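# What the coordinates show
What follows is the residue order along each chain.
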Amino acid sequence: MITAERKPIEEIMEYVKPYKKILLLGCNECVTVCYAGGRKEVGILASALSMAFLKQGQKVEIDELTLERQCDPEYVEELARTIQQYDAVCSMACGCGVQTIAGRYKDKPVYPMVNTKFMGASERQGVWAERCQGCGDCVLAFTGGICPVARCSKRIFNGPCGGSSGGKCEIDPNVDCAWQLIWDRLKALGRTDLYERIMPAKDWRAARDGGPRKIVREDLLA
Amino acid sequence: MELKTDSNLEKVLRAGHFAVTGEVGPPRGSDPEAVREKAAHLVGKVDAVNITDCQTAMVRMSSWAASLICKSMGLEPNYQMVCRDRNRIAMQSDILGAYAMGLNTMLCLSGDHPSFGDHPMASNVHDLDSIQLIQMVRGMMDDGKFQGGAEIKRPPKMFIGAAANPFGDPFELRVLRLAKKVAAGADFIQTQCIYNMQKFRDYMKMAVDKGLHEKTYILAGVTPLKSAGMAKYMATKVPGMDVPDDVVKRIASAPKEKQAEEGIKFLCEQIEEMREIEGVAGIHLMAIEWEHKVPEILEQAKCLPRPQV
Ligand code: SF4
Ligand code: SF4
């Protein structure tokens, strides 16, 4: 899923300051799962903002709403009738949700309330870690199911570099060395032969380097 | 003796001499004198001198520029290139430029992560990894083609080096990764600084068992321990470095003013041992801000004079 963290309240207040009435808009997908921008966090931020502005002698009217999916035009359409009453939308969705609002309601200011972080998985309660960079040409079949792009600090395809030490990455003793993990998995799978083959230079066109990406599924086009 | 390049290091190695390479780190400024001062100590004392490429991710004078300064002094630069700072377009372009200016020996490296240096906010490129860089240079030279497939007019002929750390983890991968570098086309290998001689011997045995010493020249990396403080720092603070306790103790047990001398003595003993280890084709002396001591060290280690080939 996509992970996010709420922005500091001071930054959010700077965005909201000029407005009298805002819509604080959550999303029921990834940001709900990672406790950054679901219904509950919308409520918490709304109270925090009201209080903080009150302290400064300013009154801001805040309505709360959480859409099923903010990155989907079908759900974003639900705002069509009500959005005019707000001076601005404060979106607690990831960057994709914020942009879907911006694209649909062209004259309405929209502000991000969270910092969108990465595509990751939950390691345990309260901990999420990066797992995929969406490189567009997945190599997990050759690396024991551990991603060298997202999890090696130097995205090395033929690792480990000389800095791997005791299973940890040279940049930080709290970061696992992806290539130690890959090697351990290949051994467990009895596929150490996969290590010996040189992984060729990556074609980064499939990743962000080729320009903004798009998927068009002819079979689904209406 | 068939030579692939004009590299002096290649000539020395192919003639069967025990090679000696040194190192000069370019300055954090634009003064060519700063390069010359360090390099002057090495003229005539080494077969090639590594010119580091923004080591520890600190901005320094570019490796190719400092290489040219050293070349003009009669040294043979080993032009280092890291994958951290440039994509394959910039790399190939720099290699053409370097060869045009007479550089013919280069070292392909991953590079330290930006978080080690003074620009931790920099983008961390890694378009290629070091093994893919070796492959690319090999292709430029042997096939006369850019990685994109187009033909190169006057392909660069580089004696291609790579680094190896016998002490990184996991140990069992160390020789396997060395084998990948050799398969990618590395003509020579320079290792990380060695202090743990037993582990290095084990490593070399594994390399020799795989026949790697017949496909590439392996130069053993050495760095003099200047003090007990440095020994302790290397032992605990540098990732992938292995300094055994008894080595730290040996330096520390010498009186403070004699520790440097003891460090050099230990180094000379190491070199003496390394000559006897099968598959070791020479040494790579990284003096790290102690360039002025290099002639004395090499004299004491019986590495002088250097062969004229
Ligand atoms: S190889 Fe690419 S697609 Fe596969 S997990 Fe890694 S970044 Fe994601
Ligand atoms: S230590 Fe491991 S994870 Fe870190 S950069 Fe090196 S190979 Fe990658």
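Quick summary incoming for the structure in this document.

## Concerning the overall build of chain A
If you tally the helices and strands in chain A, you get eight helices and nine strands. For chain A, the C-alpha radius of gyration of 22 Å lies well beyond 17 Å, the compact-globule estimate for 222 residues. Along the longest, intermediate and shortest principal axes, the C-alpha atoms of chain A span 65 × 45 × 25 Å. Within chain A, the proportion of its 222 residues that are buried is 44%. For chain A, the proportion of contacts with a sequence separation of at least 24, taken over those separated by at least 6, is 60%. A total accessible area of about 12,100 Å² is found for chain A, and carbon and sulfur atoms account for 52% of it.

## Section: the overall build of chain B
Secondary structure summary: chain B contains eleven helices and eight strands in total. By the compact-globule yardstick of 19 Å for 309 residues, chain B fits well, its C-alpha radius of gyration being 19 Å. Based on the C-alpha atoms only, the size of chain B along its principal axes is roughly 60 × 45 × 40 Å. A buried classification covers 59% of the 309 residues belonging to chain B. Taking all contacts inside chain B whose residues are at least 6 apart in sequence as the whole, residues at least 24 apart take part in 79%. For chain B, the accessible surface area stands at approximately 12,400 Å², while carbon and sulfur atoms represent 52% of it. In chain B, 38 side chains carry a positive charge and 40 a negative one; their mean positions are 1 Å apart.

## Some thoughts on the packing of helix 4 (residues 88–100) of chain B against helix 5 (residues 130–142) of chain B
Between two packed helices, what matters for the description is the angle formed by their axes and the separation of those axes. Residue and element names in this part refer to chain B. Remark: helix 4 packs on helix 5, axes separated minimally by 11 Å, with the N-to-C direction vectors making an angle of 50°. Classified by the angle their axes make, helix 4 and helix 5 are oblique. Seen from above, helix 4 lies across helix 5 with right-handed handedness. Of helix 5, the residues touching helix 4 (which contributes R88, M91, Q92, I95 and L96) are L133, M136, V137 and M140. In terms of residue class, the contact of helix 4 with helix 5 is built from seven nonpolar, one polar and one charged.

## Some details on the sheet that holds strand 4 (residues 88–91) of chain A
Residues and elements named next belong to chain A. One open sheet holds the four strands; their spatial order is 3-2-4-5, and the pairing between them is parallel. A strand with exactly one partner marks an edge of an open sheet, and here the two such strands are strand 3 (61–67) and strand 5 (110–112). Going from strand to strand, the sheet's axes swing by 25° on average, the running direction of each strand aside. Relative to strand 4, strand 2 (residues 21–27) runs parallel, the two being bridged by four bridges. In the sheet register, I22 faces strand 4, and the bridge partner there is A88.

## Examining the pattern of salt bridges
All names here are of chain B. Considering all chains together, one arrives at 32 salt bridges over all chains under this definition. As a salt-bridge pair, R84 and D85 come within 2.7 Å of each other at their nearest N and O atoms. With relative accessibility at 3%, the residue R84 sits in the buried group. Via salt bridges that share partners, K4, R138, D142 and D187 belong to a single interconnected network.

## Details of the pairing of strand 8 (residues 280–285) of chain B
Residues and elements named next belong to chain B. Within strand 8, six of the six residues are buried, which leaves the element mostly enclosed by the surrounding structure. Here three bridges tie strand 1 (residues 19–24) to strand 8, and the two strands are oriented parallel to one another. By the bridge assignment, V20 is partnered in strand 8 with I283. Where strand 7 (residues 217–222) meets strand 8, five bridges bridge the pair, whose relative direction is parallel. Each bridged residue has a counterpart across the sheet, and for G221 the counterpart in strand 8 is H284.

## Overview of the site of ligand 2
Residues in contact with ligand 2, as listed here, are C152, S153, K154, P160, C161, S164, C169, E170, C177, A178 and W179 of chain A. Tallied by class, the residues present in the shell around ligand 2 amount to seven nonpolar, two polar and two charged.

## Some words on the interface of chain A and chain B
On the side of chain B, 31 residues touch chain A, which itself brings 28 residues to the contact. Carbon and sulfur atoms make up 53% of the surface buried where chain A meets chain B, a total of about 2,500 Å² over both sides. Put simply, chain A and chain B have one salt bridge between them. The interface formed by chain A and chain B contains 22 residue pairs in polar contact (both at pLDDT 80 or more). For the side of chain A that touches chain B, the secondary structure elements donating two or more residues are helix 7 (178–189) and helix 8 (193–196) of chain A. Among the elements that take part in the side of chain A that touches chain B, helix 7 of chain A stands out by supplying three residues, more than any other. Here the residues of the side of chain A that touches chain B are counted per class, giving twelve nonpolar, nine polar and seven charged.

## Description of the site of ligand 1
The environment of ligand 1 is formed by C132, Q133, G134, C135, C138, V139, L140, C147 and V149 of chain A. Among the residues making up the shell around ligand 1, the classes are represented as seven nonpolar, two polar and no charged.

## Brief notes about the nonpolar core
Core analysis: the biggest nonpolar cluster contains 73 residues, and L133, F200, M274, I283 and L298 of chain B have the highest contact counts within it. The dominant element in this core, judged by the number of residues it contributes, is helix 5 of chain B, at six residues. Setting aside residues up to four positions removed in sequence, L298 of chain B forms contacts with V20, K45, V46, I283, L285, C303 and L304 of chain B. Within the second largest apolar cluster, 19 residues are counted, among which are Y19, V42, F53 and M92 of chain A.

## Brief notes about the pairing of strand 7 of chain B
A regular strand places its side chains so that they alternate between the two faces of the sheet. Residues and elements named next belong to chain B. A large share of strand 7 lies buried, amounting to six of its six residues. Burial along strand 7 is two-sided: Y217, L219 and G221 and I218, A220 and V222, pointing in opposite directions, are all buried. Note that the unit made of strand 6 (residues 188–193), helix 7 (residues 197–209) and strand 7 has a crossover that is right-handed.

## Points about helix 3 (residues 39–55) of chain A
All names here are of chain A. In this model helix 3 runs 25 Å from its N-terminal to its C-terminal C-alpha over 17 residues, within 8% of the 24 Å that 1.5 Å per residue would give. All of the buried residues along helix 3 are E41, V42, G43, L45, A46, L49 and F53. Positive backbone phi, at 75°, marks G57, one or two positions downstream of helix 3.

## Description of the packing of helix 8 (residues 228–237) of chain B against helix 9 (residues 245–253) of chain B
All names here are of chain B. One way to put it is that helix 8 packs onto helix 9 with a least axis distance of 8 Å and a crossing angle of 165°. Between helix 8 and helix 9, the interaxial angle falls into the category roughly antiparallel. As helix 8 runs across helix 9, the sense of the crossing is left-handed. Contact residues: A228, A231, K232 and A235 in helix 8; V248, I251 and A252 in helix 9.

Reading the values: the criteria
- Residues numbered from 1 in each chain as written.
- Chains lettered and ligands numbered in written order.
- Predicted model: local features only at pLDDT ≥ 70, side-chain atom pairs only at ≥ 80, totals over all residues.
- Heavy atoms only, no water.
- Helix = DSSP H or I, 4+ residues; strand = E, 2+ residues; numbered from the N terminus.
- Rg over C-alpha atoms; globule rule 2.2 N^0.38 Å.
- Buried < 20%, exposed > 50% of the residue type's maximum accessible area, 1.4 Å probe, protein only.
- Contact = heavy atoms within 4.5 Å.
- Areas by Shrake-Rupley, 256 points an atom, 1.4 Å probe, with all protein chains shown as cover.
- Lys, Arg positive; Asp, Glu negative; His and termini not counted.
- Charge placed at Lys NZ, Arg CZ, Asp CG, Glu CD.
- Axes fitted to C-alpha atoms, helices over the stretch in contact; angles between N-to-C directions.
- Parallel < 35°, antiparallel > 145°, perpendicular 65-115°, else oblique.
- Left-handed = near helix turned anticlockwise from the far one by under 90°.
- Nonpolar A, V, L, I, M, F, W, Y, C, P; charged D, E, K, R; others polar.
- Pairing = 2+ DSSP bridges.
- Salt bridge = Lys/Arg side-chain N within 4 Å of Asp/Glu carboxyl O.
- Near = heavy atom within 4 Å.
- Buried area = accessible area lost by both parts, 1.4 Å probe.
- Polar contact = N/O pair within 3.5 Å; in protein donor to acceptor, adjacent residues only side chain to side chain.
- Core = buried A, V, L, I, M, F, W, Y, C linked by side-chain atoms within 4.5 Å.
- Right-handed = clockwise from strand over helix to strand, strands pointing away.
- Expected span 1.5 Å × (residues − 1).

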